[in-house]
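# Fold and contact review
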Amino acid sequence: KQEVTQIPAALSVPEGENLVLNCSFTDSAIYNLQWFRQDPGKGLTSLLLIQSSQREQTSGRLNASLDKSSGRSTLYIAASQPGDSATYLCAVRREGSTLGRLYFGRGTQLTVWP
Amino acid sequence: DGGITQSPKYLFRKEGQNVTLSCEQNLNHDAMYWYRQDPGQGLRLIYYSQIVNDFQKGDIAEGYSVSREKKESFPLTVTSAQKNPTAFYLCASSMVIDRGSYEQYFGPGTRLTVT
């Protein structure tokens, strides 16, 4: 069974800091990994999707890397802003799993204060 | 506007009553999913569907039922058999980018409270 772990569970930083969120998964046989953002009481917004053959993806101030063999991904947020405050979740799609089902971590709750 | 809609945003029910949560998408996605989210826990998969009239149980299907009569719609019924129905329910859909590669998109969620 695929287990996804996110560290840390919560993070509080001042505005302007660069920060790294970590995601690890137990089964390295994955098709892809997806990072999401969730604001309180809201649905999930897809941030980045990395295919298993890729090493990283970038979108604006966000950069996600994937080391499939070691079962790790990191989400790097540059020059953090208060508007980045949210919960960040990672999810993987395991090889052989049907219908694109995802396995989620519990998330990292990020607070960026002015 | 393309997207996934869930209604209602908040739902209150008495214990013992069945309740149906709506999920509609106009993204022309084939696959649709229902997840449950509880405080401090990750998302757990309830049911998923690839095509009309076909769906599969996820990890926590007991006490829930679904139907997929139309590609755009995937309603979830929370039955009285569900022991702990109070939770935040999220619907998602996905498109196939290439073999094995699905990117999931989520609706805004429905918060169900059963008393």
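For the structure, see preceding data.
Presented here is a report on the structure given in the accompanying data block. (Residues numbered from 1 in each chain as written. Chains lettered and ligands numbered in written order. Predicted model: local features only at pLDDT ≥ 70, side-chain atom pairs only at ≥ 80, totals over all residues. Heavy atoms only, no water.)

Now for the sheet that holds strand β8 (residues 76–78) of chain B. Residue and element names in this part refer to chain B. Read from one edge of the open sheet, four strands run β1-β3-β8-β7, paired in antiparallel fashion. Only two strands of the sheet have a single partner each, and these edge strands are β1 (4–7) and β7 (64–66). On average, each strand axis in the sheet is inclined to that of its neighbour by 20°, with strand direction left out of account. One ladder, built from three bridges, connects strand β3 (residues 19–25) with β8; its direction is antiparallel. In the sheet register, Leu21 faces β8, and the bridge partner there is Leu76. (Pairing = 2+ DSSP bridges. Helix = DSSP H or I, 4+ residues; strand = E, 2+ residues; numbered from the N terminus. Axes fitted to C-alpha atoms, helices over the stretch in contact; angles between N-to-C directions.)

Here the focus is the pattern of salt bridges. In this structure the tally under the stated criterion is five salt bridges over all chains. For the salt bridge of Arg61 of chain A with Asp84 of chain A, the shortest nitrogen-to-oxygen distance reads 2.8 Å. Taken together, the positions of Arg61 of chain A in the loop between β6 (56–59) and β7 (62–67) and Asp84 of chain A in the loop between β8 (72–77) and β9 (86–94) put the pair 23 residues apart, joining distant regions of the chain. One salt bridge in this structure joins Arg36 of chain B and Asp38 of chain B, with 2.8 Å as the shortest N-O distance. Asp38 of chain B gets classed as buried once you look at its relative accessible area, which sits at 12%. A cluster of three or more residues bridged by salt bridges with shared partners is formed by Arg36, Asp38 and Arg44 of chain B. (Salt bridge = Lys/Arg side-chain N within 4 Å of Asp/Glu carboxyl O. Buried < 20%, exposed > 50% of the residue type's maximum accessible area, 1.4 Å probe, protein only.)

With that out of the way, let us pick up the interface of chain A and chain B. Every contact between the two is made by 22 residues of chain A and, on the other side, 29 residues of chain B. Each partner contributes to the roughly 2000 Å² buried at the junction of chain A and chain B, and carbon and sulfur atoms together form 50% of this total. The tally of links between chain A and chain B comes to zero salt bridges. Inspection of the chain A/chain B interface yields four residue pairs in polar contact (both at pLDDT 80 or more). Taken together, the residues of the side of chain A that touches chain B break down into eight nonpolar, 10 polar and four charged. (Contact = heavy atoms within 4.5 Å. Buried area = accessible area lost by both parts, 1.4 Å probe. Polar contact = N/O pair within 3.5 Å; in protein donor to acceptor, adjacent residues only side chain to side chain. Nonpolar A, V, L, I, M, F, W, Y, C, P; charged D, E, K, R; others polar.)

What follows concerns the state of the cysteines. Put plainly, two cysteines are in a disulfide when a covalent bond ties their sulfur atoms together. All names here are of chain B. A full pass over the atoms with the stated rule returns two disulfides over all chains. Put simply, Cys23 and Cys91 are joined by a disulfide, and their sulfur atoms are 1.9 Å apart. Taking the sign of the torsion about the S-S bond as the criterion, the disulfide between Cys23 and Cys91, at about -70°, is left-handed. Of this pair, Cys23 sits in strand β3 while Cys91 is found in strand β9 (residues 87–98), placing the two residues 68 residues apart along the sequence. Cys91 matches Cys23 in its accessibility class, with the two residues each being buried. (Disulfide = S-S within 2.5 Å.)

All names here are of chain A. If you walk across this open sheet you meet the five strands as β1-β3-β8-β7-β6, and the pairing is antiparallel. In this open sheet, the two edge strands, each paired with only one partner strand, are β1 (4–7) and β6. Across the sheet, the mean angle from the axis of one strand to that of its neighbour is 15°, orientation sign disregarded. Taken together, the four bridges between β6 and β7 define a ladder with antiparallel strand orientation. Within β7, the position partnered with Thr58 by the bridge is Asn63.

Looking now at the environment of Leu89 of chain A. Among the secondary structure elements, Leu89 of chain A is positioned in strand β9. Taking the C-alpha atoms as reference points, Leu89 of chain A and Asp39 of chain A, separated by 50 residues in sequence, lie 11 Å from one another.

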